[in-house]
Amino acid sequence: MMSKSKYMNTFKFLGILALLSLFTFKNGLAQNTGKISGKVYDSQTGESLPGANVIIPSTHMGASTNANGRYFILQLKPGSYEIKVSFVGYHDKIIKGIKVDPGVTAHIDVKLDPKSIQSKEIVVRAHQSMVQKDVTSSESFHTSTEMQQIAGIENTNDVFKLQGGVVQGGPQQQ
């Protein structure tokens, strides 16, 4: 019969062995994938392009560039890939034959060429301004017919009460 201390030592040994094998297995998995990273920038100015899209069409995986124009596409199986880089106002670019190896980062910087955006002609017509620059106050005109149609109007003083910014002074009537 096994003593209690030998049983505990055996249990500890098996636990440590399980943890080590799990750690080794996890590291082995991490080495089975690679990644693609790089920077996207304007070919004329050299400025980075934050928010550009970098996708791998065959996998539907991809990334958007950060504020510095950098991107990272992680956990790619070893093989050869192509990436498509796009950004509004620039020509799309496809780069083929990017080799991804386990545990290695393929570094691909991409220069995008600007393109002009063509649209139909837009005609803007100016009309007389609703605001008269030489008038410093507002005006409102009401006919007697209009005043009769407004609910709650009994006399001309009631019309003034409906206007914004009008303050009525004098003794209050109740």
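Predicted model, so just to flag it, every value in this text is computed and none were measured.

1. Quick notes on the overall build of the protein chain
Helix and strand content of the protein chain: three helices and eight strands. When the elements of the protein chain are put in sequence order from the N terminus, they spell out α-β-β-β-β-β-β-β-β-α-α. Here the protein chain holds 174 residues, and the buried ones make up 19% of them. Considering only contacts in the protein chain between residues 6 or more positions apart, those separated by 24 or more positions represent 52%. For the protein chain, the accessible area works out to roughly 14,300 Å², and carbon and sulfur atoms hold 55% of it.

2. Remarks on the pattern of salt bridges
Throughout the structure, instances matching the rule amount to one salt bridge. Linking lysine 84 and aspartate 92 is a salt bridge whose minimum nitrogen-to-oxygen distance equals 3.8 Å.

3. A few points about the pairing of strand β2 (residues 53–56)
Side chains Val54 and Ile56 project from β2 onto a buried face, and the interleaved Asn53 and Ile55 project onto a face without burial. Two strands pair when backbone bridges link them, and β2 and strand β3 (residues 61–64) are joined in this way by four bridges, in the antiparallel orientation. Residue pairing across strands places isoleucine 55 opposite glycine 62, the latter belonging to β3. Hairpin connection from β2 to β3: four residues lie between these consecutive antiparallel strands, with histidine 60 at a positive phi of about 60°.

4. Quick look at the side chain of aspartate 42
Structurally, aspartate 42 can be placed in strand β1 (residues 34–42). Lysine 111 provides the closest opposite charge to the buried, unpaired aspartate 42, separated from it by 9.9 Å. Among the polar contacts listed, one links the side chain of aspartate 42 to the backbone nitrogen of glutamine 44, at a separation of 2.6 Å. If we ignore the near neighbours within four places in the chain, the residues touching aspartate 42 are Glu47, Leu49, Tyr90, Leu112 and Pro114.

5. Re the nonpolar core
Among the nonpolar cores identified, the biggest contains 21 residues, and Ile36, Val40, Tyr71, Ile83, Ile108 and Val110 are the most heavily contacted of them. Where this core is concerned, the elements lending two or more residues are β1, β2, β4 (70–76), β5 (79–86), β6 (93–100) and β8 (110–112). Other than its neighbours up to four places away in sequence, isoleucine 83 contacts Ile36, Val54, Ile55, Ile56, Tyr71, Lys93, Ile94, Ile95, Ile98, Ile108 and Val110.

6. As for the packing of aromatic side chains
All told, the structure shown has one aromatic pair when counted by the stated rule. Note on phenylalanine 87 and tyrosine 90: the rings are 5.6 Å apart at their centroids and 45° apart in plane angle, and the pair reads as tilted.

7. As for the sheet that holds β5
Within the open sheet, the four strands sit side by side as β3-β2-β5-β6. Their pairing is antiparallel. Pairing within the sheet leaves two strands with one partner each, and these edge strands are β3 and β6. On average, each strand axis in the sheet is inclined to that of its neighbour by 20°, with strand direction left out of account.

8. Thoughts on the side chain of threonine 65
Take threonine 65: it is sitting in the loop between β3 and β4. Within the structure, the side chain of threonine 65 is placed 2.6 Å from the backbone oxygen of leucine 49, a separation counted as a polar contact. Separated by 2.8 Å, the side chain of threonine 65 and the backbone nitrogen of glycine 51 make a polar contact. If we skip the residues at most four places from it in the chain, threonine 65 touches Val40, Leu49, Pro50, Gly51, Ala52, Val54, Arg70 and Tyr71.

9. Concerning unusual backbone geometry
The phi dihedral of histidine 60 is positive, around 60°, even though this residue is not glycine. Mapped onto the fold, histidine 60 is located in the loop between β2 and β3. By relative accessible area, histidine 60 is classed as exposed at 76%. At glutamine 75, a residue that is not glycine, the phi angle is positive and equals roughly 55°. Tracing the sequence through the fold places glutamine 75 in strand β4.

Calculation criteria
Each chain has its residues counted from 1, following the order in which its sequence is written. Whole-chain, interface and lining totals are the exception, using all residues; otherwise, since this is a predicted model, local features are given only for residues with pLDDT of at least 70 and side-chain atom pairs are given and counted only at 80 or more. Hydrogens and water are ignored here; the side-chain numbers use all heavy atoms of the structure. Under the scheme used here, helices are H or I runs from DSSP no shorter than 4 residues and strands are E runs no shorter than 2 residues, and both carry numbers assigned from the N terminus. With a 1.4 Å probe rolled over the protein chains alone, any residue whose accessible area is under 20% of its type maximum counts as buried; one over 50% counts as exposed, and the rest are partly exposed. By definition, residues are in contact when any of their heavy atoms lie within 4.5 Å. The Shrake-Rupley method, run with a 1.4 Å probe, gives the accessible areas here. Residue values count only the displayed protein chains as cover. Criterion for a salt bridge: a side-chain nitrogen of Lys or Arg within 4 Å of a carboxyl oxygen of Asp or Glu. Being paired, for any two strands, means DSSP has found at least two bridges between them. Charge assignment: positive for Lys and Arg, negative for Asp and Glu; neither His nor the chain ends contribute. Throughout this description, a polar contact denotes any pair of N or O atoms lying within 3.5 Å of each other; where both atoms belong to protein, one of them has to be capable of donating a hydrogen while the other can accept it, and for residues adjacent in sequence the pair is counted only when both atoms sit in side chains. Side-chain atoms within 4.5 Å link the members of a nonpolar core, which is a set of buried Ala, Val, Leu, Ile, Met, Phe, Trp, Tyr and Cys residues. By convention, a stacked pair of Phe, Tyr or Trp rings (six-membered ring in the case of Trp) has centres within 6.5 Å and planes under 30 degrees apart, an edge-to-face pair has planes over 60 apart, and any other such pair is tilted. Only the contacting stretch of a helix is used when fitting its axis, a line to C-alpha atoms as for every element, and angles between N-to-C directions run 0 to 180 degrees.

Without other data, these values stay purely geometric and don't point to any function.
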